[in-house]
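# Structural description and commentary
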2 protein chains.
Amino acid sequence: MKRKITLKQIAKELDVSISTVSKALSNSKEISEDTTQKIQAFAKLYHYKPNNIALSLKNRKTKTIGILIPEIVHHFFSTVIRGIERVANRRGYNVIVGLSNESFTKEIINMEMLANGSIDGFILSISKETLLKQDYHHFNATINQGMPIVMFDRVVNEVDCDKVIVDDFNGAVKAVKKLVENECKNIALITTMDYVSVGRLRTQGYLEALQNSGIVADSNLILKIDDSLDVENNLEVLETEIAHFFKSNPNIDGVFAVNELYAVSAMKVARKLGFKIPDDMQFIGFTDGVLSKHATPSLTTVSQHGQKIGEQSANLLIDRLEAEDAETEQYFTNNEKKRDFIKMVIETEIIERESTK
Amino acid sequence: MKRKITLKQIAKELDVSISTVSKALSNSKEISEDTTQKIQAFAKLYHYKPNNIALSLKNRKTKTIGILIPEIVHHFFSTVIRGIERVANRRGYNVIVGLSNESFTKEIINMEMLANGSIDGFILSISKETLLKQDYHHFNATINQGMPIVMFDRVVNEVDCDKVIVDDFNGAVKAVKKLVENECKNIALITTMDYVSVGRLRTQGYLEALQNSGIVADSNLILKIDDSLDVENNLEVLETEIAHFFKSNPNIDGVFAVNELYAVSAMKVARKLGFKIPDDMQFIGFTDGVLSKHATPSLTTVSQHGQKIGEQSANLLIDRLEAEDAETEQYFTNNEKKRDFIKMVIETEIIERESTK
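Residues numbered from 1 in each chain as written. Chains lettered and ligands numbered in written order. Predicted model: local features only at pLDDT ≥ 70, side-chain atom pairs only at ≥ 80, totals over all residues. Heavy atoms only, no water.

The name given to chain A in an unreviewed UniProt entry is LacI family DNA-binding transcriptional regulator, and the organism recorded there is Algibacter agarivorans.

In structure tokens, the structure reads:
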């Protein structure tokens, strides 16, 4: 069994980027005809084959699902993987995990490696760099070659596939509404400068909930943290920023934070400044991770149901794979037999703990 | 490219376990001659090939490292993966992650899948079930077929390979010594009933440190938590047990816990019972995860340096892979040229925070 040449090797030999090779092989119009011809000729010479192997016949199924996530040290992604695994194991599938490390190129390399006969389909969440570049050709090429993809959490309209998303907007609305009902008058938002849609949607939910309650949003009460800062290792910087924010706005009596690290850090700062929680200040975070549960006081939070997201994603993918099997067996080949793509929205839920009244 | 038959398929066809197939194919004496012959004949008929493809020639290298870990929702394993990735990326390798879910059979299936031409070598930590069964034939078979393995954290003497371990014993000794120096007179241990060597070594370290300080160990001061209990989702049970333990032993003034969840839960219980930390009771945990950092008070802990473990493991594996390349190039084939296996011990370190004086 001779291993085929990889995208990376072609890119190196021809001194172009991996992304260029990837685009040329999928006939993207972004690449000049000359370059496309050169790359395709080289690929042909070295027997490069796109990823449509192992899919046409049922007995070539690998019964393995490829998961591709942006990072591993992240409670949300871990719980999604746990959910995928649970369903996959029950339905006779194995899983394998690739990591993009938020890099566009690593995402392409990992997809190529996994699609190379190792897996039947992908469950993935898009890397930040890919979202910034808005370049999704590798997803579309994979789908066109016959390998199904289910996207979760970080999804885009530009790719036609099954999607499972968290209702970030309504989660934020619920959280802020709860603070309003608990008689908070000056509700602060601690958020990111993120271009990832998640942070933006949560911010929009905050603004919407205030408006619905007849409260005029005050831009002084919105703290945007630079998320290129590695806060995990720069907690002091984060805490200093929050302390400054609280001191400049002593009227704050409610805080909604778009992730649990910001929420827990803000509670710590508030306590140090002498505020009583929840009497003087109430807090709600987003993501129900270990920090929320074990914080002092424990944190009221918007749960994203990561495990459920994983379970639904796995069911969508396996349903589609097995529908394809059934078609093959019955000699149905027209695409119209396939079901339309589904966008599943997982409702969030407020988990009440000690940080709210 | 025809996909070869898998262990799982052979097992299903012949109605035997995956482990039996795996053992028969590696000529284990545990399997009867009849069964071995039957399985080997079947495997041959369907062109089953063991995992020694892609290793003999340099241009068949995949430049990918397979990581196999027991579970993903675990800060320690995540940080190890981060360390492996960091070195792998720097040295031009990609990583792919398989999960055994603490299951012996899943460990075998994942190893077969990954070793099937996708990777150059393994970095792995053994599943609990495998440790209980003490059955390591799949590791030895993989190594014998020419694919190198580096084991970390959960390792065994029965497999000859490079290993990277945490100095659990001395980590525990240091922690308890610190409590003694801080004038604790009645030091409790909160540990698991674990057969995984890690828990045992930390318990031994506790006993050793007491003895060195001339303190007679009191079995009433040792609380063993049933680790088959899913404590993440049964925090109340854990807290009730600890509360009972503290009430029965009101003289406890220092606590060493073998993981951070036990330590943080114990602090919570102690505070609820009215103890002041660190004035009345001091606490040291093991593993420097997010909980330790964000607990109130923050937790003094024994850091295992997960990232460093990952980095060293990746360096050991890549060094060995590249030494093999060099040998191939220079037409040296005798095994004596290879370096001996290395067992690297990563020293632990006490990170002092607010839970000790």
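Alright, that's what it looks like, and here's the rest.
Another point: the packing of aromatic side chains. Residue and element names in this part refer to chain A. Evaluation of the coordinates by the stated rule reveals 11 aromatic pairs over all chains. Here Phe-77 and Phe-152 contribute two aromatic rings whose centre-to-centre distance is 6.1 Å and whose plane-to-plane angle is 70°, an arrangement assigned as edge-to-face. Note that Phe-77 is positioned in helix H4 (residues 75–90) and Phe-152 in strand E4 (residues 149–152), a separation of 75 residues in sequence. A single burial state applies to Phe-77 and to Phe-152, both of which are buried. Among the aromatic side chains, those forming a connected cluster through ring pairs are Phe-76, Phe-77 and Phe-152. When the ring centre of Phe-286 is taken as origin, the NZ or CZ atom of Arg-202, which lies over that ring, is 3.7 Å away. (Phe/Tyr/Trp six-rings, centres within 6.5 Å; stacked < 30°, edge-to-face > 60°. Helix = DSSP H or I, 4+ residues; strand = E, 2+ residues; numbered from the N terminus. Buried < 20%, exposed > 50% of the residue type's maximum accessible area, 1.4 Å probe, protein only. Lys NZ or Arg CZ within 6 Å of the ring centre and 35° of its normal.)

This next bit is on the sheet that holds strand E8 (residues 254–257) of chain A. Hydrogen bonds along the backbone pair up the strands of a sheet, which may run parallel or antiparallel. All names here are of chain A. In spatial order, the strands read E7-E6-E8-E9-E10-E12; together these 6 strands make up an open sheet with mixed pairing. Edge positions in the sheet fall to strand E7 (222–225) and strand E12 (349–351), since each has one partner strand and no second. Strand-to-strand twist across the sheet, computed as the mean angle between neighbouring axes with direction ignored, equals 20°. Two strands pair when backbone bridges link them, and E8 and strand E9 (residues 282–286) are joined in this way by 3 bridges, in the parallel orientation. Counterpart to Val-255 in the pairing with E9 is Phe-283. The strands that helix H10 (residues 235–248) touches are strand E6 (187–192), E7, E8 and E9; relative to E7, the one it contacts most, it runs at about 165°. The sheet contacts of helix H11 (residues 260–272) involve E6, E7, E8 and E9, and relative to E9 the element is tilted by about 160°. (Pairing = 2+ DSSP bridges. Axes fitted to C-alpha atoms, helices over the stretch in contact; angles between N-to-C directions. Contact = heavy atoms within 4.5 Å.)

Our focus in this paragraph is the relation of the copies chain B and chain A. Each copy of the sequence occupies a distinct position, and chain B is placed on chain A by a rotation of 180° and an axial shift of 0.0 Å, giving an RMSD of 0.1 Å. Such a combination of rotation and displacement between the chain copies is what one expects of a two-fold axis. Distance from the rotation axis, computed per C-alpha, reaches its smallest value in chain B at B:Val97: 2.4 Å. A high fraction, 100%, of the interface residues of chain B reappear at the interface in chain A, so the copies pair face to face through one surface. (Least-squares fit on C-alpha atoms with pLDDT ≥ 70 in both.)

Attention now moves to the interface of chain B and chain A. Taken together, the contacts link 44 residues of chain B with 44 residues of chain A. Taken together, the two surfaces of chain B and chain A that pack against each other cover about 4100 Å², and 56% of this comes from carbon and sulfur. In this structure, the salt-bridge partner of B:Lys106 is A:Glu85, at a minimum N-O distance of 3.1 Å. Run the count over chain B and chain A and you get 10 residue pairs in polar contact (both at pLDDT 80 or more). Going through the elements one at a time, helix H4 (75–90), strand E2 (94–99), helix H5 (104–115), helix H11 (260–272) and helix H12 (290–294) of chain B are the ones with two or more residues in the side of chain B that touches chain A. Taken together, the residues that form the side of chain B that touches chain A break down as 18 nonpolar, 16 polar and 10 charged. Across 3 bridges, strand E2 (residues 94–99) of chain A lies against E2(B) in antiparallel orientation. Bridge pairing in E2(B) places A:Gly98 opposite B:Ile96. (Buried area = accessible area lost by both parts, 1.4 Å probe. Salt bridge = Lys/Arg side-chain N within 4 Å of Asp/Glu carboxyl O. Polar contact = N/O pair within 3.5 Å; in protein donor to acceptor, adjacent residues only side chain to side chain. Nonpolar A, V, L, I, M, F, W, Y, C, P; charged D, E, K, R; others polar.)

What follows concerns the pattern of salt bridges. Across all of its chains, the model carries 26 salt bridges over all chains by this definition. The partner of B:Asp162 in a salt bridge is B:Arg320, and the shortest N-O contact between them spans 3.0 Å. Of this pair, B:Asp162 sits in strand E5 (residues 162–166) while B:Arg320 sits in helix H13 (residues 306–329), and the two are 158 residues apart along the sequence. The pair formed by B:Asp162 and B:Arg320 is uniform in burial state, with each residue classed as buried. A single salt-bridge network, built from bridges that share partners, covers A:Lys63, A:Arg91, A:Asp319 and A:Glu322.

This part covers the nonpolar core. Of all hydrophobic cores here, the largest spans 90 residues; its most connected members are A:Phe246, A:Phe256, A:Phe283, B:Phe246, B:Phe256 and B:Phe283. Setting aside residues up to four positions removed in sequence, A:Phe246 forms contacts with A:Ile252, A:Val255, A:Ala266, A:Val269, A:Ala270, A:Leu273, A:Met281 and A:Phe283. A:Ala88, A:Leu321, B:Ile81 and B:Ile123 belong to the second largest nonpolar core, which has 56 residues in total. (Core = buried A, V, L, I, M, F, W, Y, C linked by side-chain atoms within 4.5 Å.)

So, on to the side chain of B:Arg353. All names here are of chain B. Tracing the backbone through its elements, the reader meets Arg-353 in the segment after strand E12 (349–351). Of the polar contacts made by the side chain of Arg-353, one reaches the backbone oxygen of Leu-299; its length is 2.9 Å. Each residue touching Arg-353, except ones within four places of it in the same chain, is listed here: Asp-288, Ser-292, Lys-293, Ser-298, Leu-299, Thr-300 and Thr-301.

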